[in-house]
Amino acid sequence: MYDIDKIRHDFPILDTEVYGHKLVYLDNAATTQKPRCVVDAIEQEYFTSNANVHRGVHYLSEKATDLLENARDTVRRFIGAAKTSEIIFTRGTTESINLVASSYGQLLKEGDEILVSEMEHHSDIVPWQLLRDRCGIVIKVIPITDEGELRLDALERLFTPRTRLVCVTQVSNVLGTINPVKEIAAMAHAHGALCLVDGAQSVPHMPVNVKELGCDFFAFSGHKVYGPTGIGVLWGREDLLDRMPPYQAGGEMIASVTFDKTTFEELPFKFEAGTPNYIGSHALAVALDYVSHIGMDAVQSYEADLTRYAMETLGAIDGIRIFGTAPHKDAVVSFLVANIHHLDMGTLLDRLGIAVRTGHHCAQPLMERLGVEGTVRASLALYNTRAEIDALAQGIDRVRQMF
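As the structure is a prediction and not an experimental result, all values here were calculated from the model.

A.B. asks: Teacher, can you tell me more about the overall build of the chain here?
C.D. replies: Helix and strand content of the chain: 14 helices and 17 strands. Rg of the C-alpha trace for the chain: 22 Å, near the compact-globule value of 22 Å for 403 residues, within the 12% margin. With respect to the three principal axes, the spread of C-alpha positions in the chain is 70 × 55 × 35 Å. The 403 residues of the chain split such that 56% are buried.

Structure (structure tokens):
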């Protein structure tokens, strides 16, 4: 049984009052709130296990190292990876994609092609533009329909013998569209290309198994799945990671150094220069264990019902335009109401205790495709309720009447 009251009790911040109203937190696509167990894990490691990892023979260092490597195995199991050596800890999805662009990008040649979707976050656009400016790769864009679905027919026509990588988000942070990444990865492989999946918005909401998806790289952020900020993951196929040169250089990632030559550590340490965020990785593992205990299937089912309810409830508001109406969508409703500016709507909703996101959501090319400057985005998490969606709808209607 999905015990929403017990779950909400695990998140003390949800009891916050904002301008005399109980907080309705609907900005989860930006960052999720943290359960007590995650915050406790951070405190406990600092108080009982704080020492630099992999470098000491003393008790605290070995304990901290064990926590870090146990966390790596927790991540491996959570996303269905084959080996812990394929799990690279980063600062988040952004750094994970930049790692691939900078490192795998060194294997590309002028004229090689990268395909990105029209709904990508800036973090899956700008790194490829920087690579294009450095070495002359070509970026091609996979278009979307008016409903917010990727046009797979158009994707098929974009492939050429020079296509090397397809980059696509599993769930759009603006539209909520769930993309068929398994099918997209198969298409890429059929054309001799690889597939990178941005899982920042999928990992918090649904079960993920990278082997079943068939992708070659998968990236996600800890803070969007109830973990702390500053920690994220890049999963990559071992054979690919072995071929790729280091992303950064320094301590931790070397086997030996002389002034004439350096040899690098084996995976995953080759890509983890410097002192890692071992506190963050442990807290991330605790967060993943937390949602695993609830059950990702249960989370997905609960949030799917909540998303349907949100679409129906908000869709009944006079003058509302909802962006992203694909039949397969999850946890995100982006909208505008009449001629009310998104910033005005968000500011006034905040005065009612309702936290939403406004703006372009780091997806300006998508905003251009939609023909708007920005939207209001309500994004859901496992602790949200129908009553909070009702409060949002009432708040929107109250703001609408002001104009």
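Read on for the rest.
A.B. asks: What is the right way to read the pairing of strand β6 (residues 138-142) from this model?
C.D. replies: Along a regular strand, successive side chains alternate from one face of the sheet to the other. Direction of pairing for strand β5 (residues 113-117) relative to β6: parallel, over a ladder of five bridges. Residue pairing for β6: L115 is matched across the bridge by K140. Handedness of the crossover joining β5 and β6 through helix α5 (residues 126-135) is recorded here as right-handed.

A.B. asks: Teacher, can you tell me more about the packing of aromatic side chains here?
C.D. replies: Any aromatic ring pair is given by two values, namely how distant the centres are and how the planes are angled relative to each other. In total, this model carries seven aromatic pairs according to the counting rule given. Relative to Y290, the ring of F11 lies with its centre 5.9 Å away and its plane at 80 degrees, an arrangement referred to as edge-to-face. With a gap of 279 residues between them, F11 in the loop between α1 (4-9) and β1 (17-18) and Y290 in helix α10 (residues 278-294) connect regions that are remote in the sequence. Both residues of the pair, F11 and Y290, belong to the buried class.

A.B. asks: It is not clear to me how the layout of surface pockets should be interpreted in this structure. Could you clarify?
C.D. replies: Where empty space is left in the structure can be found by rolling a water-sized probe over the atoms. In this structure, the largest pocket occupies an estimated 430 Å³ of space. Forming the walls of the largest pocket are 25 residues, and the residues nearest its centre are A29, H121, N173, Q201 and K224. Of all the elements in the fold, those that place two or more residues in the lining of the largest pocket are α4 (93-103) and β16 (357-359). Residues that form the lining of the largest pocket fall into these classes: six nonpolar, 13 polar and six charged.

A.B. asks: Help me out: how do you make sense of the sheet that holds β5 in this one?
C.D. replies: Working definition: the strands of a sheet are paired by backbone hydrogen bonds and lie parallel or antiparallel to each other. A sheet is described by the order of its strands in space; here seven strands give the open sequence β4-β10-β9-β8-β7-β5-β6, paired in mixed fashion. Across the chains shown, the open sheet's two edge strands, defined by having one partner strand only, are β4 (87-90) and β6. The average angle at which neighbouring strand axes cross in this sheet is 20 degrees, direction not considered. Of the pairings in the sheet, the one linking β5 to strand β7 (residues 163-169) comprises four bridges and is parallel in character. Among the inter-strand pairings, V116 is bridged to a residue of β7, identified as C167.

A.B. asks: Teacher, can you tell me more about the pattern of salt bridges here?
C.D. replies: Between side chains of opposite charge, a pair can form when the charged atoms approach closely. Taken as a whole, this structure holds 22 salt bridges when the rule is applied. Two residues, R237 and D216, come together in a salt bridge whose shortest N-O distance is 2.4 Å. Taken together, the residues span a long stretch of sequence, with R237 in the loop between β10 (232-236) and α9 (238-243) and D216 in the loop between α8 (210-213) and β9 (217-221) at a distance of 21 residues. In this structure, R400 engages D397 in a salt bridge whose closest nitrogen and oxygen atoms are separated by 2.7 Å. Taken together, the residues span about one helical turn, with R400 and D397 both in helix α14 (residues 386-402) at a distance of three residues. Exposure remark for R400: the relative accessible area of 25% places this residue in the partly exposed category. Look at D397 and you get partly exposed, because its relative accessible area is 24%. Overlapping salt bridges bring together D27, R357 and R377 as one network.

A.B. asks: What am I meant to see in the sheet that holds β16 here?
C.D. replies: If you trace the four strands from one edge of the open sheet to the other, you get β13-β14-β17-β16, paired in antiparallel fashion. Edge positions in the open sheet fall to β13 (320-323) and β16, since each of these has one partner strand only. Going across the sheet, the axis of each strand differs from the next one's by a mean of 30 degrees, ignoring polarity. Of the pairings in the sheet, the one linking β16 to strand β17 (residues 375-379) comprises three bridges and is antiparallel in character. Paired with G359 across the strands is T375, a residue of β17.

A.B. asks: Sorry if this is basic, but what is going on with unusual backbone geometry here?
C.D. replies: Among all residues save glycine, negative phi is the norm, and among peptide bonds the norm is trans. Cis geometry marks the peptide bond from L267 to P268; its omega dihedral reads 0 degrees. In this fold, P268 is placed in the loop between β12 (262-264) and α10.

Conventions adopted
- Residues numbered from 1 in each chain as written.
- Predicted model: local features only at pLDDT ≥ 70, side-chain atom pairs only at ≥ 80, totals over all residues.
- Heavy atoms only, no water.
- Helix = DSSP H or I, 4+ residues; strand = E, 2+ residues; numbered from the N terminus.
- Rg over C-alpha atoms; globule rule 2.2 N^0.38 Å.
- Buried < 20%, exposed > 50% of the residue type's maximum accessible area, 1.4 Å probe, protein only.
- Pairing = 2+ DSSP bridges.
- Right-handed = clockwise from strand over helix to strand, strands pointing away.
- Phe/Tyr/Trp six-rings, centres within 6.5 Å; stacked < 30°, edge-to-face > 60°.
- 1 Å grid on protein atoms, 1.4 Å probe; cavity = no way out; pocket = protein on both sides within 12 Å on 5 of 7 lines; lining within 4 Å.
- Points joined across faces, edges and corners; volume = space filled by probe spheres on them.
- Nonpolar A, V, L, I, M, F, W, Y, C, P; charged D, E, K, R; others polar.
- Axes fitted to C-alpha atoms, helices over the stretch in contact; angles between N-to-C directions.
- Salt bridge = Lys/Arg side-chain N within 4 Å of Asp/Glu carboxyl O.

Purely spatial values, then, with no claim about function.
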